[in-house]
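Fold and contact review
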Amino acid sequence: THFGFQTVDEAEKAARVAGVFHSVAARYDLMNDLMSGGLHRAWKAFTVAQAAVRPGMKVLDVAGGTADLARAFARRVGPEGEVWLTDINASMLTVGRDRMIDEGLVQPVALCDAEKLPFPDGYFDRVSVAFGLRNMTHKDVALAEMARVLEPGGRLYVLEFSRVWKPLGPLYDLYSFQVLPRLGARVAGDEESYRYLAESIRMHPDQETLKTMMEEAGLVRVRYYNLAAGVVALHEGWKP
Ligand code: SAM
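Residues numbered from 1 in each chain as written. Predicted model: local features only at pLDDT ≥ 70, side-chain atom pairs only at ≥ 80, totals over all residues. Heavy atoms only, no water.

1. Overview of the site of the ligand
By nearness alone, 19 residues border the ligand, and A63, D87, D113, A114 and A130 come closest of all. I88 places a main-chain nitrogen or oxygen 3.4 Å from a nitrogen atom of the ligand. Within the backbone of A130, a nitrogen or oxygen atom sits 2.9 Å from a nitrogen atom of the ligand. Burial of the ligand by the protein amounts to 96% of the accessible area it has alone, namely 600 Å². Here the residues of the shell around the ligand sort into 11 nonpolar, five polar and three charged. (Near = heavy atom within 4 Å. Polar contact = N/O pair within 3.5 Å; in protein donor to acceptor, adjacent residues only side chain to side chain. Areas by Shrake-Rupley, 256 points an atom, 1.4 Å probe, with all protein chains shown as cover. Nonpolar A, V, L, I, M, F, W, Y, C, P; charged D, E, K, R; others polar.)

As structure tokens, this is what we get:
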């Protein structure tokens, strides 16, 4: 059965992702800090350092949500540069946009799907996506779009949950399936969204698979850094 171009499963996934982020937008940052013990800040800082954004650059943050990366990039591009904060979810984007404005950062914002980016080929020097690829229905399409909008020599950064170092697996499972949903219930009043989070992390491609997917999207010199024993990985790829 089809809903337009999407199968029912895919449409369900997209609707579910939308529901999760409308539901968690308000308490999103608090939950990030609690769930990761504040580590997500270090992972994002590492991403910003690797991206080496310079004054005058054009940067796109895909699935930018509450704008943690976009805000850091916006401080680096200077008056000549541009940082586009984009997300498919209006609730998340509104939180991110307001936060940019509160910090005096005036940058463009766009509500759009990563699978269909409203930018011309080769427009950006850097593209980033933090904890967003996992939620996308067609990751190959989204990666190809991100590669398309990069100019030759430009770089894509994908920060995402990945495959944890094997000996830590049982501990990580305990945390994800026992602790995390309870934390979600108590703090965000939303156990289901955090159960979905744990499941979506398990389904996401591991380090090597994502590396291959980025190469298939046309990127070169693809490499990755494991962070927190592979709980998270930062992948980098260059547009040839
Ligand atoms: N990048 C932010 C961060 O690191 O804090 C937000 C990450 S949040 C876990 C995931 C974001 O992905 C949500 O804001 C959600 O709306 C967005 N998202 C999910 N599917 C998307 C899609 N197809 N296109 C663009 N954004 C999407």
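Don't stop here, the text continues.
2. Description of the packing of helix α6 (residues 139–148) against helix α9 (residues 207–216)
At a closest axis distance of 9 Å, the pairing of α6 and α9 adopts a crossing angle of 55°. Taken together, the axes of α6 and α9 are oblique relative to one another. By crossing handedness, the relation of α6 to α9 is classed as right-handed. Residue-level inspection shows K139, D140 and L143 of α6 in contact with α9, the latter providing L210, M213 and M214. Taken together, the residues of the contact of α6 with α9 break down into four nonpolar, no polar and two charged. (Axes fitted to C-alpha atoms, helices over the stretch in contact; angles between N-to-C directions. Helix = DSSP H or I, 4+ residues; strand = E, 2+ residues; numbered from the N terminus. Parallel < 35°, antiparallel > 145°, perpendicular 65-115°, else oblique. Left-handed = near helix turned anticlockwise from the far one by under 90°. Contact = heavy atoms within 4.5 Å.)

3. Details of helix α4 (residues 68–77)
Burial of α4 is extensive: seven of the 10 residues sit out of reach of the surface. Buried within α4 are the following residues: L69, A70, R71, A72, F73, A74 and V77. Next to the buried residues of α4 lie α3 (39–51), β3 (58–62), β4 (82–87), α5 (90–102) and β6 (124–130). Once α4 finishes, G78 follows within two positions and takes phi at roughly 70°, a positive value. (Buried < 20%, exposed > 50% of the residue type's maximum accessible area, 1.4 Å probe, protein only.)

4. Examining the confidence of the model for the chain
Summing up the model confidence of the chain, the mean pLDDT is 92 and the portion of residues at 70 or higher is 95%. For the stretch residues 1–5, pLDDT sits under 50, and the model shows six contacts to residues farther than four places along the chain or on other chains. (pLDDT = per-residue confidence, 0-100.)

5. Thoughts on the nonpolar core
As a rule of thumb, nonpolar side chains are buried together in soluble globular proteins. Of all hydrophobic cores here, the largest spans 37 residues; its most connected members are F73, L159, F161 and V232. The element best represented in this core is α4, accounting for six residues. Apart from the residues lying within four places of it in its own chain, the contact partners of F73 are V48, A51, V53, V59, V83 and S128. Residues F119, V127, L156 and A217 belong to the second largest nonpolar core, which totals 26 residues. (Core = buried A, V, L, I, M, F, W, Y, C linked by side-chain atoms within 4.5 Å.)

6. Points about the packing of helix α2 (residues 28–36) against α3
One way to put it is that α2 packs onto α3 with a least axis distance of 7 Å and a crossing angle of 100°. The orientation of α2 relative to α3 falls into the category roughly perpendicular. Residues N32, D33 and S36 of α2 form the contact with α3, whose own contacting residues are L39, H40, R41, W43 and K44. Its residues placed into classes, the contact of α2 with α3 shows two nonpolar, three polar and three charged.

7. Some points on the pattern of salt bridges
As enumerated under the stated definition, the model contains 14 salt bridges in all. One salt bridge connects D29 with R99, and the closest N-O pair in it is separated by 2.5 Å. Of the two residues, D29 sits in helix α2 while R99 sits in helix α5, which places them 70 residues apart along the sequence. Classification of R99 as partly exposed rests on a relative accessible area of 25%. For K44, the salt bridge is made with D68, and the minimal N-O distance between the two is 2.8 Å. Placement of the pair is K44 in helix α3 and D68 in helix α4, with a sequence separation of 24 residues. Overall, the relative accessible area of 9% leaves K44 in the buried class. Through salt bridges with shared partners, a single ionic network connects K44, D68, R71, R75 and E103. (Salt bridge = Lys/Arg side-chain N within 4 Å of Asp/Glu carboxyl O.)

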